[in-house]
Amino acid sequence: MIREGVYLGKRYEILGRIGSGGMADVYKGKDHKLNRYVAIKVLKSDYRTDEVFIKKFLSEAQAAAGLMHPNVVNVYDVGQDRGLYYMVMELVEGITLKDYIEKKGRLSAKETISISIQMVTGLQAAHNQHIIHRDIKPQNIIISKDGKVKVTDFGIARATTATQTISTSVMGSVHYTSPEQARGGVVDQKSDIYSIGITMYEMITGNVPFDGDSTVSVALKHLQEEIVSPAEEVPDIPYSLECIIMKCTQKNPGLRYHDCAALLLDLKRSLVDREGDFVVLGAAGGDTDRTMVMSTEELEQVQARGRNDYDDDDDYDYDDEDEEERVPVRRQSRGRKKNDVNPDTKRIMRILMIVAGVVIALLVLFLVANAAGFFSGPGLVANEEDMVEVPDVRGMTYDEAQEELRKYDLGIKRASAEEPSNEYAKGEIKSQDPGEGEKVEKNSTVTVVISSGEAAEKVQVPNVVDRSEADAERMLQDAGLKVTHGEAQYSDSIAEGNVISSNPVAGTEVDEGTSVTIVVSLGKESVKVPDIRNKSAADAEAALAAQGLTGSASQDYSDSVAAGSVISQSPEPGASVEKGSTVSYVVSLGPRTQTVEVPDVLKSYPDVAQKLMSEAGLTAAYGGEQYSDYPQGTVCRVNPEVGVKVAKGTTVYYWVSMGPQPSGGDGQDESE
């Protein structure tokens, strides 16, 4: 996993992982050159040293990069940085169709058709560029927040023609796999149409038509069993949509829609003519599987009549006796679909059933023979029984290794160049990939390197620890060694981009041409700052420690946060910081006693003085009268004095002036 804050290609900043697939992890990133958010697909470490997977990954990028369409997740860039192979794609904020179906249980007919139209439109754009997706499923359909449907993850797609086949290693998810794909046969755009049909089936019913305890059992059902009409689970499904799904999911590719354009036409017509009988079933080959096309006038008439079809509870059929003026006739039941079948169609269906029975019988014989080992071709899907351990063929000749690998149902491939060896004689195998004991699928290929018989010079592995990746590669290559990359790791002591370790280690004496694996540092690991506000100081320290962070506490008064709880923190919750960083936080001492100043009420009349002190939160109390130079009847003295800070609620005494003291007096009223 790549830590947040890492830059790829000195341009794309990693902001966090958002998903993971079979071959790659997907991260949310920011393109600082164009100032936009993107999705970055990074090849997993297991495949970074595998040239076949790297070529497949780059091929995927090149095929998808030329495909720009609003219903496809667009690819912007592809590159390699520090041993990481990455692809930059459009970032789509939204939900997968799979999650949407699980959330709603099943979708309405109108929603199913609307989503399907956008999905098929995107796929049509790919087919127009000879790109077959091969893995259409709800997990690979994204519905954005603004309702746009986009096809994503052309993970096993490649520019192709209808004559090319695929192997089991690139077979799509088995629940949505076409029969020919499960067989390892020819895969073209009609295979994608089959998967579209299964996806539509799941949208309208809430589940897939075939399920089982293993991938093999599900694949066999796609090969042997007829799909039950979705009307069995959803009786109120529009007749046209039912027929579209059944046509998409025919076992025989020739009986499906010829292309996405024909499928789109029927989907759009179904949107306005839900009970229409316009889908042509049972037509095979050439253009005979294309549906009938309405004229513009007819389409406008149907749209005008059926504009609110999906919002009404009543179902209507149309009387075809008058082409110029059709009138709606209420349908009493769905029985027409089962009883009013054209006799020619019945006859065709009987023939198809007989042919299907023969095909199934032959298929069963093939599977039995294949299980018995009469065929060496690929099986249906990979499982534990299809995996074998690679034997050690080092020291054998090419022919001997070929014979040995054949016993394990494995193939062999000679590397492009021979290499010197001090251990193996000329013509003997000095190394192999995959290595001894590794588990691989049957029919996989083992690449072998043949010894040239020349003595290999001994060299020492140079010390590349804490060197930059580029310097380390140059040093190893100068020493006559090959460089491979292990999975990048976090390090508290080695700077990002420098080498943490090498295998073999520095100083080891090895043959010239030996591969040395280096591990590059991702720098210090970053973590998310937890939210410790309103937690006790002890709980806050525990939460920080759990993330590898330390706390620094201070105290302050607070009227809103209870004593002993955290008032605030820095950095803020959710911020990304390096592991081991310090988070400062403030612990509440509880509310501080509030103080106010005694207001200046001198020379005010008592009622005014009482009001001012009340507004200040103080209690006014009459203290008596006394002689003073202040006007008679006004406040001439307060205790505590004006301007003194006192606690709210304090009692302040005031005295009222009796005017100047008469001659001979002492100036003090007896009331004091």
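Just so we're clear, the structure is a prediction, and the values are computed from it rather than from any experiment.

A.B. asks: I tried to follow the overall build of the protein on my own but got confused; where do I start?
C.D. replies: Each helix and strand counted, the protein has 15 helices and 33 strands in total. Out of the 672 residues in the protein, the part that is buried amounts to 42%. Taking as baseline every contact in the protein between residues at least 6 positions apart, the subset at least 24 positions apart corresponds to 67%. Here the protein has roughly 34,300 Å² of accessible surface; of this, 48% comes from carbon and sulfur atoms.

A.B. asks: Got a minute to help me understand the packing of aromatic side chains in this structure?
C.D. replies: One pair of aromatic rings is described through two measures. These are the centre distance and the angle between the planes. Using the criterion set out here, one finds two aromatic pairs in the structure. With 6.1 Å between their ring centres and 65 degrees between their planes, Tyr12 and Tyr86 make a pair best called edge-to-face. Residue Tyr12 is found in strand 2 (residues 12-20), and its partner Tyr86 is found in strand 6 (residues 84-90); the two are separated by 74 residues along the sequence. Geometrically, the ring pair formed by Tyr622 and Tyr654 is edge-to-face, given 5.8 Å between the ring centres and 65 degrees between the ring planes. Highlighted residues: Tyr622 in strand 30 (residues 619-626) and Tyr654 in strand 33 (residues 651-657), separated in sequence by 32 residues. Judged by relative accessible area, which is 4%, Tyr654 ranks as buried. Of note, Lys28 hangs over the ring of Tyr37, and the distance from its end group to the ring centre comes to 5.0 Å.

A.B. asks: I keep staring at a nonpolar patch on the surface and nothing clicks. Help me out?
C.D. replies: A cluster of nonpolar side chains, Ile354, Val358, Leu362 and Leu365, forms an exposed patch at the surface whose accessible area comes to about 420 Å². Structurally, the position occupied by Val358 is in helix 11 (residues 343-371).

A.B. asks: Explain unusual backbone geometry here, please?
C.D. replies: Leaving glycine aside, a negative phi is the common case for residues, and trans is the common case for peptide bonds. A cis amide bond, omega 5 degrees, links Asp433 with the succeeding residue Pro434. With respect to the helices and strands, the residue Pro434 is situated in the loop between strand 16 (429-433) and strand 17 (439-441). Although it is not a glycine, Asn35 adopts a positive phi angle of roughly 55 degrees. Mapping Asn35 onto the fold places it in the loop between strand 3 (24-31) and strand 4 (36-43).

A.B. asks: What am I meant to see in the side chain of Lys137 here?
C.D. replies: Here Lys137 lies in the loop between strand 8 (131-132) and strand 9 (141-144). By relative accessible area, Lys137 is classed as buried at 13%. Other than its neighbours up to four places away in sequence, Lys137 contacts Ser173, Tyr176 and Thr199.

Conventions adopted
- Residues numbered from 1 in each chain as written.
- Predicted model: local features only at pLDDT ≥ 70, side-chain atom pairs only at ≥ 80, totals over all residues.
- Heavy atoms only, no water.
- Helix = DSSP H or I, 4+ residues; strand = E, 2+ residues; numbered from the N terminus.
- Buried < 20%, exposed > 50% of the residue type's maximum accessible area, 1.4 Å probe, protein only.
- Contact = heavy atoms within 4.5 Å.
- Areas by Shrake-Rupley, 256 points an atom, 1.4 Å probe, with all protein chains shown as cover.
- Phe/Tyr/Trp six-rings, centres within 6.5 Å; stacked < 30°, edge-to-face > 60°.
- Lys NZ or Arg CZ within 6 Å of the ring centre and 35° of its normal.
- Patch = residues over 30% accessible without salt bridge, like charges linked within 9 Å, V, L, I, M, F, W, Y side chains within 5 Å.
- Salt bridge = Lys/Arg side-chain N within 4 Å of Asp/Glu carboxyl O.

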